[in-house]
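Single-letter residue listing:
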Amino acid sequence: MRYPIVLFDLDGTLTNPGLGITNSVMYSLKKYGIEGQPRESLYRFIGPPLHESYEKFYSFSREQAMQAVSYYREYYEEKGMFENEVYPGIKQLLRDLIKQGVLCLVATSKPEIYAKKILDYCDCLNLIRAITMQNFEANEAEQAYFDYGVSVPDKAEVIAYALKQIPAEYSNKKVLMVGDRSHDIIGAKKNGIDCAGVLFGYGSREELEEAGADFVADSVEAVRNIVFLNAAKN
């Protein structure tokens, strides 16, 4: 096989979180009197750090953005994270990779408590381990930062952290990062590992190729082919 270790993004790669995330954004924007946003226009919130999206797409101040993230999480924690589903074929892919000895990990910017609940809800927690730099069970000072989205690490930091968690028996083996947005690709490049962008998530081919993806996969089967040396590099 080409890659004995595979890091997977969560949102837009393993699961389709579109309904829950956009409902959470709608809930938060309503607090500011912003309503009637087409759901498709809110898909751009999937992937990047939330506070950055509020600032970029709605010109929120940092203070407004931090508060918007807090509102977002009111809905997300109760309902949004469960308005989510595994992409068809992903569970079988993970089973097949594990059977062939591939180490599969989730490298996500999501807080650990969310990532584990989502994987458990989707019946994937037994198939893959979530690697995250955020833990909500922190001290009060850290909790305040997490609540307002200030300390969200960029994807390069998450990937670097994930690479440090790889067991010794897998040391010096090739690693592939699989994600659906440019920040997954850029984060992989900053850590010197190969990356595959998937088109069944929320990023376009143009976005992924411009970010420098080594592969672009249009299906779950294409991801399998990349891991097992059946696909050429871009």
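Within each chain, residue numbers correspond to sequence positions counted from 1 in written order. With the structure being a predicted model, the display of local features is reserved for residues of pLDDT at least 70 and the display and counting of side-chain atom pairs for 80 or more, all residues being used for whole-chain, interface and lining totals. Heavy atoms throughout the structure, all of them, feed into the side-chain values; hydrogens and water do not.

Novice: Now, about the overall build of the chain: what can you tell me, with residues and values included?
Specialist: Helix numbers and strand numbers start at the N terminus; a helix is a DSSP run of H or I with at least 4 residues, a strand a run of E with at least 2. If you tally the helices and strands in the chain, you get 10 helices and eight strands. Put simply, the radius of gyration uses C-alpha atoms, and a globule should come to 2.2 Å times the residue count raised to 0.38. Relative to its length of 234 residues, the chain is compact, with a C-alpha radius of gyration of 17 Å against a globular reference of 17 Å. C-alpha extents for the chain along the principal axes are approximately 50 × 40 × 30 Å. Contacts are assigned to residue pairs that have any heavy atoms within 4.5 Å of one another. Pairs at least 24 residues apart make up 66% of the contacts formed inside the chain by residues separated by at least 6 positions. Accessible surface, the chain: about 10,800 Å² in total, of which carbon and sulfur atoms supply 47%. When charges are counted, Lys and Arg are positive and Asp and Glu negative, with His and the chain ends excluded. For the purpose of locating charges, the reference atoms are NZ of Lys, CZ of Arg, CG of Asp and CD of Glu. Taken as two groups, the 26 positive and 33 negative side-chain charges of the chain have centres that lie 4 Å from each other. Surface accessibility follows the Shrake-Rupley procedure with a 1.4 Å probe radius. Residue values consider only the protein chains on display as shielding.

Novice: Report on the packing of aromatic side chains, specifying residues and quantitative values.
Specialist: Between 30 and 60 degrees the pair is tilted, below 30 it is stacked and above 60 it is edge-to-face, where a pair is any two Phe, Tyr or Trp rings, Trp via its six-membered ring, whose centres lie within 6.5 Å. In this structure the tally under the stated criterion is 14 aromatic pairs. Ring centres 6.3 Å apart and planes at 55° place the aromatic pair Tyr58 and Phe60 in the tilted group. Here Tyr58 and Phe60 have matching classes, each one buried. Among the aromatic residues, those joined into a cluster by ring pairs are Tyr32, Phe45, Tyr54, Phe57, Tyr58, Phe60 and Tyr71. A positively charged side chain is recorded as over a ring if its NZ (Lys) or CZ (Arg) lies within 6 Å of the ring centre. The angle to the ring normal must also be within 35 degrees. Lys31 extends its terminal NZ or CZ atom over the ring of Tyr71, reaching a point 5.5 Å from the ring centre. When the ring centre of Phe57 is taken as origin, the NZ or CZ atom of Arg44, which lies over that ring, is 4.2 Å away. Think of it in three bands: with a 1.4 Å probe and only protein chains considered, a residue is buried below 20% of the maximum accessible area for its type, exposed above 50%, and partly exposed in between.

Novice: Give me the lowdown on unusual backbone geometry, citing residues and values where you can.
Specialist: Here the phi dihedral of Asp123 falls at roughly 60°; this positive angle occurs in a residue that is not glycine. We note that Leu229 has phi near 70°; this positive angle belongs to a residue other than glycine. Topologically, Leu229 is positioned in the segment after α10 (220-227).

Novice: With reference to specific residues and values, describe the sheet that holds strand β7 (residues 194-198).
Specialist: For two strands to be treated as a pair, DSSP must find at least two bridges joining them. Overall, parallel pairing links the six strands, which are arranged β5-β4-β1-β6-β7-β8 in an open sheet. The open sheet has two edge strands with one neighbour each: β5 (129-131) and β8 (215-217). Taken over all neighbouring pairs, the strand axes of this sheet differ in orientation by 30° on average, direction set aside. Of the strand pairs in this sheet, strand β4 (residues 103-107) and β5 are connected by three bridges, and their pairing is parallel. Each residue of the ladder has a partner; that of Ala107, found in β5, is Ile131. Each of β1 (5-8), β4, β5 and β6 (175-179) is contacted by helix α7 (residues 155-164), which is oriented at about 145° to β4, the strand it contacts most. Think of each axis as a best-fit line through the C-alpha atoms, taken over the contacting stretch in the case of a helix, with angles from 0 to 180 degrees between the N-to-C directions.

Spatial relationships are all this shows, so hold off on functional conclusions.
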